[in-house]
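Take a look at the letters that make up each chain.
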Amino acid sequence: MIIQLHKNCTAKERNALDYLLVQNKIKTVEINTQSNHYLVCIVTKEFDIRHIGNLACVKDVHRVTDSYKLVSRQWKVNPTKIDLGDGVVIQEGDFTLMAGPCSIESEAQVERIVKELVKNNIKIMRGGVYKPRSSPYSFRGLGIDGLKMLYAQCRAHSIKIITEVMQVTQIREMSDYVDIFQVGARNTQNFNLLDALGEIDKPVMIKRGISGTIDELLQSAEYIFSAGNEKLILCERGIRTFENAYRNTFDINAIPILKEKSHLPVIADPSHGIGIRKHVEKITLASLVAGADGAIVEIHYEPEKAYSDGQQNLSFEEFRSLVKKVNVLVELFLKMES
Ligand code: PEP
Ligand code: MN
C-alpha cells in the first residue's frame, strides 16, 4: 500500500494515522522525494484502505500488490514525464531519439556529431566519458574534462546531455554538466550508486542489468525513487543469453511489459541490444512499434574508427535514414493513436 501524505499536516493529524497503522500492525517506510511525501506500507493482512483515506493528513491511498511499490503502475495512473527544460520532454505518446558516440573522443569529434544532431533536430546527445570496458587496456574515456568540453558544445546548440556515471564520487563533479545520468548495465545493482542518485535532483536513466530480469530492473529503479528521486527512465539494452549470433539478446517483450508494470518512461537501446550496425535501424523501429517512449543510438562519422563500440555505431547516412523512418512511424503509430 502507498499512502501519499499532504506536505504540511499537523503532528496531531499525523499521530492519528500512525496510531491506525500501528494498531493494524502495518510496517511503514517514510519517503520524502523532491516533490512528494509517501508512506510505503507492507501490509500482510487484509486491510480496508478506506479507513485511511478519510484522515486529514492523507492525500491519497493506493493498494499496490507488486513487490516494487513507487515505480509501479498500480498506483499512478498518469505516466511519468521527464521534463529537461527548453521544451525537451520524454513522455508517453512521443518517441524521443537520443544519439551520439559511444565515447566522447575529442573536441573535433563532438563538433561534427553535434552538427549532425542539429541537422536532424535531435535534442539529446549521448556520449560516455567514464567508460566501463571489459578490458582495462581499452579506451576508458576522457573523464570530467571530456564532459566539460561536451557540455560547452551542447549548450551552444541547446542540446541536452545523457552520460554514464560509474561511481558515487563522480556524481557531484558531473552534476552541473549533465541533464540525465545514465546507470550502465554493469551498475544496475550497485545499490550504493542507486542510493546516491536518489539524493540528487536530476533525471536518471537506468539500464537493465547484463543478466537482469525485468523485476530486478524495477527494483533497482525503486531504490532510486525511494531514496528521493522520482525522475526516472527505464532502458532495455538486451541481456546475455546462450545466443551468440549477436552481441546481446534485445528483449523486445520487455518494452510492453515494462510499460504495463511501471509508470516510468521506457527507452530502447538497440545499439547495445543487437550490437550490429546494419540491424540497429530495424530494432529501433521495432521498439517504437512495441511501445517504447524513445531510443538511444550510437552514431559516428567514421564508425570503424570509433574508440569504442564501432561495430554498432551508425554512420551519419544510416542515422539520417533512421530519423526519416522514425518520423514516418511516429505519424503512423503515435499521432494516429492520440
Ligand atoms: C554505453 O551506453 O555505452 C554502455 C556502456 O552501455 P551498457 O551499460 O548498456 O553496456
Ligand atoms: Mn557503447
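Cut-offs applied
- Residues numbered from 1 in each chain as written.
- Chains lettered and ligands numbered in written order.
- Predicted model: local features only at pLDDT ≥ 70, side-chain atom pairs only at ≥ 80, totals over all residues.
- Heavy atoms only, no water.
- Helix = DSSP H or I, 4+ residues; strand = E, 2+ residues; numbered from the N terminus.
- Expected span 1.5 Å × (residues − 1).
- Buried < 20%, exposed > 50% of the residue type's maximum accessible area, 1.4 Å probe, protein only.
- Contact = heavy atoms within 4.5 Å.
- Pairing = 2+ DSSP bridges.
- Axes fitted to C-alpha atoms, helices over the stretch in contact; angles between N-to-C directions.
- Near = heavy atom within 4 Å.
- Polar contact = N/O pair within 3.5 Å; in protein donor to acceptor, adjacent residues only side chain to side chain.
- Areas by Shrake-Rupley, 256 points an atom, 1.4 Å probe, with all protein chains shown as cover.
- Nonpolar A, V, L, I, M, F, W, Y, C, P; charged D, E, K, R; others polar.
- Salt bridge = Lys/Arg side-chain N within 4 Å of Asp/Glu carboxyl O.

A. Main features of helix α7 (residues 214-226). For α7, spanning 13 residues, the distance from its first C-alpha to its last is 18 Å, which sits close to the expected 18 Å at 1.5 Å a residue. For α7, the complete set of buried residues consists of Ile 214, Leu 217, Leu 218, Ser 220, Ala 221, Glu 222, Ile 224 and Phe 225. Considering only its buried residues, α7 is in contact with β2 (27-32), β3 (37-42), α6 (191-198), β11 (204-207), β12 (232-236) and α8 (254-261). Just downstream of α7, Gly 228 is the residue with a positive phi angle, here 125°.

B. Just the sheet that holds strand β14 (residues 294-298), in detail. Ordered by their spatial adjacency, 8 strands build a closed barrel running β7-β8-β9-β10-β11-β12-β13-β14, and the pairing between neighbours is parallel. Taking the axes of each pair of neighbouring strands and ignoring which way they run, one obtains an average angle of 25° across the sheet. With 3 bridges joining them, strand β10 (residues 180-183) and β11 adopt parallel strand pairing. Bridge pairing in β11 places Val 183 opposite Ile 206. Helix-sheet contacts for α7 involve β11 and β12, and the interaxial angle to β12 is about 160°.

C. Broad picture of the sheet that holds β2. The strand order β2-β3-β1-β4 describes an open sheet built from 4 strands, whose pairing is antiparallel. Two strands close off the open sheet at either side, each with one partner strand: β2 and β4 (58-62). Going across the sheet, the axis of each strand differs from the next one's by a mean of 20°, ignoring polarity. As defined by bridge partners, strand β1 (residues 2-5) adjoins β4 across 4 bridges and the pair is classed as antiparallel. Across the sheet, residue Gln 4 finds its bridge partner in β4, namely Asp 60.

D. Region of the structure containing the site of ligand 1. Near ligand 1 you find 13 residues, and of these Lys 131, Ala 185, Arg 186, Lys 207 and Arg 237 are the closest. A distance of 2.7 Å separates an oxygen atom of ligand 1 from a polar atom in the backbone of Ala 185. Relative to its free-state accessible area of 300 Å², ligand 1 is covered by the protein chains to the extent of 97%. Along the lines of polarity and charge, the residues of the shell around ligand 1 split into 3 nonpolar, 3 polar and 7 charged.

E. Spatial organisation of the pattern of salt bridges. Under the defined criterion, the tally for this structure stands at 18 salt bridges. Asp 86 is paired through a salt bridge with Lys 160; the nearest N and O atoms lie 2.7 Å apart. Pair noted here: Asp 86 is in the loop between β5 (82-83) and β6 (89-90) and Lys 160 is in strand β9 (residues 160-164), with a separation of 74 residues, a long-range link. Beyond isolated ion pairs, a larger network of salt bridges with shared partners links Arg 73, Glu 92, Lys 259 and Asp 293.

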